[in-house]
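Residue-level listing of the chains:
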Amino acid sequence: MKDEPDQHLSRVDRRRERIRAQIQRNREGGHKVPTWVLAVVLALFLIGWLWLILGP
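Calculation notes
Residues numbered from 1 in each chain as written. Predicted model: local features only at pLDDT ≥ 70, side-chain atom pairs only at ≥ 80, totals over all residues. Heavy atoms only, no water. Helix = DSSP H or I, 4+ residues; strand = E, 2+ residues; numbered from the N terminus. Buried < 20%, exposed > 50% of the residue type's maximum accessible area, 1.4 Å probe, protein only. Areas by Shrake-Rupley, 256 points an atom, 1.4 Å probe, with all protein chains shown as cover. Salt bridge = Lys/Arg side-chain N within 4 Å of Asp/Glu carboxyl O.

Draft legend 1. Region of interest: the overall build of the protein chain. The helix and strand tally for the protein chain stands at two helices and zero strands. Put simply, the protein chain has 56 residues, and 0% of those count as buried. For the protein chain, the exposed area adds up to about 5900 Å²; of that, 63% sits on carbon and sulfur atoms.

Take a look at the structure:
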């Protein structure tokens, strides 16, 4: 069974719309955890990992 061109285009259009909506939600913000907190947690994780690898 082959996809008809109209079905394929509508699938592509739906995917584009989902991506567009996701980008819009991300731009609006409203994040539960601020980006700077995530950056600090990542930095602490990396420092701890390096401390374990290189030793005290």
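Picking up after the structure, the text goes on.
Draft legend 2. Looking closely at the pattern of salt bridges. Under the definition given, this model contains two salt bridges. Note that Arg 16 and Asp 13 form a salt bridge whose closest N and O atoms lie 3.8 Å from each other. Separated by three residues within a single helix, Arg 16 and Asp 13 lie in helix α1 (residues 5–28), roughly one turn from each other. With relative accessibility at 49%, the residue Arg 16 sits in the partly exposed group. When the shortest N-O distance is used, the salt bridge between Glu 17 and Arg 20 registers 3.3 Å. You can see Glu 17 and its partner Arg 20 sitting in helix α1, three residues apart, about one turn around the helix.

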